[in-house]
Amino acid sequence: MNFVRSKSLAVSNRDCVIEFVKSLLEIEEAIAKLPAKARRQLVKDIPALCPDEFPPDGWDSILNDETPRPTLSSYLDHLDSEYKQGPEGFNRA
């Protein structure tokens, strides 16, 4: 009997995942259909829609975080060195 319950739970979880993915794809499709101005507004509104995912002080908490990140620092040093050797290879946006 435990097997039946476990199997039923597994099917239920799979169905939830499938529904979640289907819903996510529907959301992505709906966003893609929005006019550019509405998409930009949505990007601005996302922090309010998902407050737990965005720190209240926004980028400040990220930019002022003193946590060492040696891999990122090394990569940025590498890019800086490449830029100094040939800035024409970098795209100016």
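Undergrad: What is the right way to look at a nonpolar patch on the surface in this model?
TA: Taken together, the side chains of Ile46, Leu49 and Phe54 define a hydrophobic patch exposed on the protein surface, amounting to about 260 Å² of accessible area. Of note, Phe54 is situated in the loop between helix 2 (36-49) and helix 3 (59-63). For Phe54, a relative accessible area of 36% puts it in the partly exposed group.

Undergrad: Explain the confidence of the model for the chain to me, please; I cannot follow it from the model alone.
TA: Scored by pLDDT, the chain comes out at a mean of 80, with 77% of its residues at no less than 70. Considering each helix and strand of the chain separately, the mean pLDDT is smallest for helix 1 (residues 2-33), with a value of 68, and largest for helix 4 (residues 70-85), with 93. Note on residues 1-11: pLDDT under 50 across the span, and zero contacts to partners over four residues away in sequence or across chains.

Undergrad: How should I be thinking about the pattern of salt bridges in this particular structure?
TA: Between side chains of opposite charge, a pair can form when the charged atoms approach closely. Applying the stated criterion across every chain, the model contains two salt bridges. Between Asp65 and Arg69 there is a salt bridge, and its shortest N-O distance comes to 3.2 Å. Owing to a relative accessible area of 34%, Asp65 belongs among the partly exposed residues under this scheme. With relative accessibility at 40%, the residue Arg69 sits in the partly exposed group. The salt bridge partner of Lys84 is Asp80, with a shortest N-O separation of 3.4 Å. Separated by four residues within a single helix, Lys84 and Asp80 lie in helix 4, roughly one turn from each other. Look at Lys84 and you get exposed, because its relative accessible area is 64%. A relative accessible area of 38% places Asp80 in the partly exposed class.

Procedures and definitions
Residues numbered from 1 in each chain as written. Predicted model: local features only at pLDDT ≥ 70, side-chain atom pairs only at ≥ 80, totals over all residues. Heavy atoms only, no water. Patch = residues over 30% accessible without salt bridge, like charges linked within 9 Å, V, L, I, M, F, W, Y side chains within 5 Å. Areas by Shrake-Rupley, 256 points an atom, 1.4 Å probe, with all protein chains shown as cover. Salt bridge = Lys/Arg side-chain N within 4 Å of Asp/Glu carboxyl O. Helix = DSSP H or I, 4+ residues; strand = E, 2+ residues; numbered from the N terminus. Buried < 20%, exposed > 50% of the residue type's maximum accessible area, 1.4 Å probe, protein only. pLDDT = per-residue confidence, 0-100. Contact = heavy atoms within 4.5 Å.

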